[in-house]
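So you can see what is in the structure, the chains are spelled out below.
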Amino acid sequence: MSEPTSRIEARQKSAEIKKKQASSLAGLPPSSLHISLYIRSDPPLPNDFHWAFYLHKGTSSTPGGTKYHARGIGGGWITGHEATAGIFTENFLCVIIKIATIPPLAHERVDEIMRSYDGSLNSIPGITCRVWILMVLRRLIDEGFVHCDIEELEKDCFEFGNEHSATASANEQPRPAVKSRVSS
């Protein structure tokens, strides 16, 4: 018995989306550092995102990179730092914003900076994923890995997030990867 046409079309559409997502991942510059924003509600609310860093390694042996973020669990906060080869396949992804290029020899130091607040996360007043991003960003700027004004970058990220939130809510694929207008 043959498969219904709708099931075949759904499989074809799914395969096309996966191909586009893989192409988007392959199109990210190697050793690029990004802020990734995720919508939190449907319909999305303005300036309401989950924030994460994504360090794209982008080599043939490591096709993805590492996602770094902080998230609220129950009454506290935990960090999540995980390798991923599928940043573009993540649920609720809104946009990925390139903020810097990190030389491969500095990846280990950047990883240390990303983890620098892991032990004290719940003692930080007013902690949120965005507050954590901005604290880590300050350290990345101070050590010369990122070049920008923090407030301008935060505004830039909100603008990109708000611009792309409706298409994220509609799950249009692949999700966009853009370059920050304020970082070099």
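Up top is the structure these notes are about.
Scope of this entry: the structure provided in the associated data block. Since this is a predicted model, take the numbers as computed values, not measurements.

## Description of the sheet that holds strand β2 (residues 49–56)
- Pairing within the open sheet is mixed, and its six strands lie in the order β4-β3-β2-β1-β5-β6. The two strands at the open ends of the sheet, each matched to only one other strand, are β4 (76–84) and β6 (177–179). Sheet twist, expressed as the mean angle between neighbouring strand axes with direction ignored, is 25 degrees.
- Strands in contact with helix α2 (residues 107–114) are β1 (32–39), β2, β3 (65–73) and β4; relative to β2, the strand with the most contacts, it is inclined by about 160 degrees.

## Looking at the side chain of Thr 84
- Checked against the element boundaries, Thr 84 lands in strand β4.
- Looking at Thr 84, its side chain comes within polar contact range of the main-chain nitrogen of Gly 86, at 2.9 Å.
- The residues touching Thr 84, leaving out its near neighbours within four places in the chain, are Tyr 54, Gly 64, Gly 65, Lys 67 and Glu 90.

## What about the nonpolar core?
- Formed by 42 residues in total, the largest nonpolar core has its most connected members in Leu 33, Phe 53, Ile 99, Trp 132 and Leu 140.
- Of all the secondary-structure elements, those providing two or more residues to this core are β1, β2, β3, β5 (93–101), α2, α3 (129–142) and α4 (150–169).
- By residue number, the principal contributor to this core is α3, which donates eight residues.
- If near-sequence neighbours (up to four positions away) are discounted, Leu 140 is found in contact with Leu 33, Phe 53, Val 110, Ile 113, Met 114, Phe 145 and Val 146.
- Tyr 38, Ala 52, Tyr 54 and Phe 88 belong to the second largest nonpolar core, which has nine residues in total.

About the criteria used
Residues numbered from 1 in each chain as written. Predicted model: local features only at pLDDT ≥ 70, side-chain atom pairs only at ≥ 80, totals over all residues. Heavy atoms only, no water. Pairing = 2+ DSSP bridges. Helix = DSSP H or I, 4+ residues; strand = E, 2+ residues; numbered from the N terminus. Axes fitted to C-alpha atoms, helices over the stretch in contact; angles between N-to-C directions. Contact = heavy atoms within 4.5 Å. Polar contact = N/O pair within 3.5 Å; in protein donor to acceptor, adjacent residues only side chain to side chain. Core = buried A, V, L, I, M, F, W, Y, C linked by side-chain atoms within 4.5 Å. Buried < 20%, exposed > 50% of the residue type's maximum accessible area, 1.4 Å probe, protein only.

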